[in-house]
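Close look at the chain arrangement
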Amino acid sequence: MSSIAPRTYEPTEPCRVAFLGLGVMGYPMAGHLARAGHTVTVYNRTAAKAQAWCDEFAAGDRSRMAETPRAAAQGADVVFCCVGNDDDLRAVALGTPEGAGARRADGAFSGMHAGAVFVDHTTASADVARELAQVAHEQHLAFIDAPVSGGQAGAQNGALTIMCGGPEPVFERVRPLMMAYARAATLMGGHGAGQLTKMVNQICIAGLVQALAEGIAFGQKAGLDMNLVLDVIGKGAAQSWQMDNRGKTMVADRFDFGFAVDWMRKDLALVLEEARRNGSSLPVTALVDQFYADVQRMGGRRWDTSSLIKRLR
């Protein structure tokens with residue numbers, strides 16, 4: 001069974017690309033690039049995952065795996081990346097630190113040719129986006145920060161929303177490639193703007209999920225048929241993606257979907273750090289972050305974000 005859903009791809013000029021990081025998001029995203037007709041070289045820290053990807057998506061000699069980010073990036077016109085955090089991103093882009101600030105030549109930047117583009121889909125800080133954009137510029141490369149929203153299902157279905165930061169000509173160059181796994185890709189501004197937009201996204205989600213959790217818990221303790229309640233209020237002003245996709249699974253006490261609590265806490269840490277820097281007041285976001293810490297202590301590190309309701313039962 002395929003790890004991605006079938007979809008129709010817009011015609012694009014076949015391109016040599018690399019994809020670094022084959023987690024729950026990167027694996028299907030790279031798969032869509034291969035299915036769209038591009039030659040894809042993949043790298044993953046755990047080589048077995050890269051081999052599994054090649055077994056599923058490699059056609060003839062068009063796609064292959066590489067042992068290092070540098071090797072994956074060699075010959076690629078565009079290098080995509082989707083890893084865990086700022087440190088992981090620096091490691092694959094610049095190489096693994098050695099000693100007093102020196103870096104091994106195993107990073108993707110050292111393997112890229114002049115004019116190639118590095119597209120980062122990691123949810124990371126705006127600072128690291130600007131840092132890597134500057135290094136890329138000094139090495140005659142281009143950089144786009146491009147965090148995504150839509151979760152694992154969005155990646156599998158090729159229906160992600162992508163928020164980008166960087167120069168418009170570079171964005172327009174890579175946008176047709178990203179549309180292999182996206183329903184929308186939008187340039188939000190200069191370097192870092194994509195990451196800042198993703199932070200806004202996570203702020204909104206945190207408040208929505210907590211409100212939905214409180215509403216469902218309240219209704220259950222009041223003795224209401226909450227599936228019926230959700231059907232009714234989902235047709236009115238309370239409707240949201242979270243209600244449509246997670247409301248009834250929250251009622252059923254099921255939390256094995258998509259975006260994990262650990263990842264959400266990582267993202268909210270980025271949000272709260274940026275808020276301290278720019279002077280924003282985020283009282284609800286800070287409170288929900290602590291609620292997610294409670295869920296972690298309950299053993300829910302890998303539960304999805306709708307598990308906030310577990311605290312209320």
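Going along each chain's sequence as written, the residues are numbered from 1 onward. Totals for whole chains, interfaces and linings use all residues, but because this is a predicted model, local features are given only for residues with pLDDT of at least 70 and pairs of side-chain atoms are given and counted only at 80 or more. Remark: hydrogens and water are excluded; side-chain values derive from all non-hydrogen atoms of the structure.

**Here we look at the side chain of Asp-267**
Secondary structure is summarised from DSSP: a helix means a run of H or I of at least four residues, a strand means a run of E of at least two, and numbering begins at the N terminus for each. Topologically, Asp-267 is positioned in helix 12 (residues 261–278). Each residue is assigned to one of three classes by its accessible area relative to the maximum for its type, calculated with a 1.4 Å probe on protein chains only: buried under 20%, partly exposed between the two thresholds, exposed over 50%. The class for Asp-267 is buried, based on a relative accessible area of 2%. Side-chain polar atoms of Asp-267 contact the side chain of Lys-266, separated by 3.1 Å. Those residues within four positions of Asp-267 in sequence are excluded, and the remaining contacts are Thr-123, Lys-198, Gln-202 and Phe-259. In the analysis that follows, any N or O atom pair within 3.5 Å is treated as a polar contact, provided that within protein one partner can donate a hydrogen and the other can accept it, and provided that, for residues neighboring in sequence, both atoms belong to side chains. Throughout, a residue-residue contact means that at least one pair of heavy atoms, one from each residue, lies within 4.5 Å.

**Quick look at the side chain of His-38**
Position of His-38 relative to the elements: it lies in the loop between helix 1 (26–35) and strand 2 (39–43). Judged by its relative accessible area of 1%, His-38 is buried. At 3.3 Å, the side chain of His-38 forms a polar contact with the side chain of Thr-12. At 3.1 Å, the side chain of His-38 and the backbone nitrogen of Cys-15 are in polar contact. Filtering out sequence-adjacent residues up to four positions away, His-38 remains in contact with Thr-12, Glu-13, Pro-14, Cys-15, Leu-33, Arg-62, Ser-63 and Leu-177.

**Things to note about the pairing of strand 2**
Of all the five residues making up strand 2, four are buried; the element is thus mostly covered by neighbouring parts of the structure. For the segment spanning strand 1 (residues 16–20), helix 1 and strand 2, crossover handedness is right-handed. Here is how to tell: hold the view so the strands point away, follow the path from the first strand over the helix to the second, and if it runs clockwise the crossover is right-handed.

**Some thoughts on the pairing of strand 1**
Summarising burial for strand 1: four of the five residues are buried, a large majority. The pairing of strand 1 with strand 4 (residues 78–81) spans four bridges and is parallel. Bridging across to strand 4, Leu-20 finds its partner in Cys-81. DSSP bridges decide pairing: two strands pair if at least two such bridges lie between them.

**Quick notes on the packing of helix 4 (residues 86–94) against helix 6 (residues 126–138)**
Axes here refer to lines fitted to C-alpha atoms; in helices the fit is confined to the stretch in contact. Angles between the N-to-C directions go from 0 to 180 degrees. Axis separation between helix 4 and helix 6 bottoms out at 11 Å; the angle between their running directions is 10°. Between helix 4 and helix 6, the interaxial angle falls into the category roughly parallel. Residues Asp-86, Leu-89, Arg-90, Ala-93 and Leu-94 of helix 4 lie in contact with helix 6, whose contacting residues are Val-128, Glu-131, Leu-132 and Val-135. Side-chain classes follow a simple rule in which Ala, Val, Leu, Ile, Met, Phe, Trp, Tyr, Cys and Pro form the nonpolar group, Asp, Glu, Lys and Arg form the charged group, and the remainder, Gly included, forms the polar group. A breakdown of the residues in the contact of helix 4 with helix 6 according to their chemical character gives six nonpolar, no polar and three charged. By the definition adopted for this analysis, an angle is roughly parallel if under 35 degrees, roughly antiparallel if over 145, roughly perpendicular if from 65 to 115, and oblique otherwise.

**Topic: the state of the cysteines**
We call a pair of cysteine sulfur atoms a disulfide when they lie within 2.5 Å. For the structure shown, the criterion picks out zero disulfides. In this structure Cys-164 is not part of a disulfide, and its nearest cysteine sulfur, from Cys-82, lies 13 Å away. Here Cys-204 is not disulfide-linked; the sulfur of Cys-164 is the nearest cysteine sulfur, at 18 Å. Since its relative accessible area comes to 46%, Cys-204 is described here as partly exposed.

**Description of the pattern of salt bridges**
Salt bridges are defined as contacts in which a side-chain nitrogen from Lys or Arg sits within 4 Å of a carboxyl oxygen from Asp or Glu. Across all of its chains, the model carries 16 salt bridges by this definition. One salt bridge connects Lys-248 with Asp-231, and the closest N-O pair in it is separated by 2.7 Å. Residue Lys-248 is found in helix 11 (residues 241–251), and its partner Asp-231 is found in helix 10 (residues 226–233); the two are separated by 17 residues along the sequence. The salt bridge partner of Arg-313 is Asp-253, with a shortest N-O separation of 2.8 Å. Placement of the pair is Arg-313 in the segment after helix 13 (283–297) and Asp-253 in the loop between helix 11 and helix 12, with a sequence separation of 60 residues. Judged by its relative accessible area of 42%, Arg-313 falls in the partly exposed class. Overall, Asp-253 belongs to the partly exposed group, its relative accessible area being 37%. Members of the salt-bridge network, linked through shared partners, are Asp-127, Arg-130, Glu-273, Glu-274, Arg-276 and Arg-277.

**Side note on the nonpolar core**
Among buried residues, the Ala, Val, Leu, Ile, Met, Phe, Trp, Tyr and Cys ones that are joined through side-chain atoms within 4.5 Å form a nonpolar core. Counting 41 residues, the largest nonpolar core has Phe-19, Trp-53, Phe-80 and Met-178 as its most contacted members. Among residues more than four places away in sequence, those in contact with Trp-53 are Leu-22, Tyr-27, Ala-30, Gly-31, Ala-34, Val-40, Val-42, Ala-58 and Ser-63. By size, the runner-up hydrophobic cluster in this structure holds 26 residues, among which are Ala-66, Ala-108, Ala-116 and Ala-136.

**Side note on the layout of surface pockets**
Taken as a whole, the second largest pocket spans an internal volume of roughly 180 Å³. The definitions used throughout rest on a 1 Å grid laid over the protein atoms alone, on which a cavity is an enclosed set of points accommodating a 1.4 Å probe that cannot get out and a pocket is an open set flanked by protein within 12 Å on both sides along at least five of seven lines; lining residues are those having an atom within 4 Å of a point. What lines the second largest pocket is a set of 13 residues, among which Leu-208, Ala-211, Leu-212, Ala-238 and Met-243 lie closest to the centre. Elements with a minimum of two residues in the lining of the second largest pocket: helix 9 (193–221), helix 10 and helix 11. Among the elements that take part in the lining of the second largest pocket, helix 9 stands out by supplying five residues, more than any other. Considered class by class, the residues forming the lining of the second largest pocket number 10 nonpolar, three polar and no charged. Grid points are joined across faces, edges and corners, and a volume is the space filled by probe spheres set on the points.

**With respect to empty space enclosed by the protein**
Under the criterion given, the structure shown has two cavities of 30 Å³ or more. In this structure, the largest cavity spans a volume of roughly 40 Å³. Taken together, Arg-16, Val-17, Thr-39, Thr-41, Arg-64, Ala-72, Gln-74, Gly-75 and Ala-76 make up the lining of the largest cavity. Of all the secondary-structure elements, those providing two or more residues to the lining of the largest cavity are strand 1 and strand 2. Of the residues that constitute the lining of the largest cavity, the class distribution is three nonpolar, four polar and two charged. What the second largest cavity holds in volume is close to 30 Å³. Lining the second largest cavity are Thr-123, Ala-124, Gln-195, Lys-198, Met-199, Gln-202, Asp-267, Leu-270 and Val-271. Among the elements of the structure, helix 9 and helix 12 are those that each provide at least two residues to the lining of the second largest cavity.

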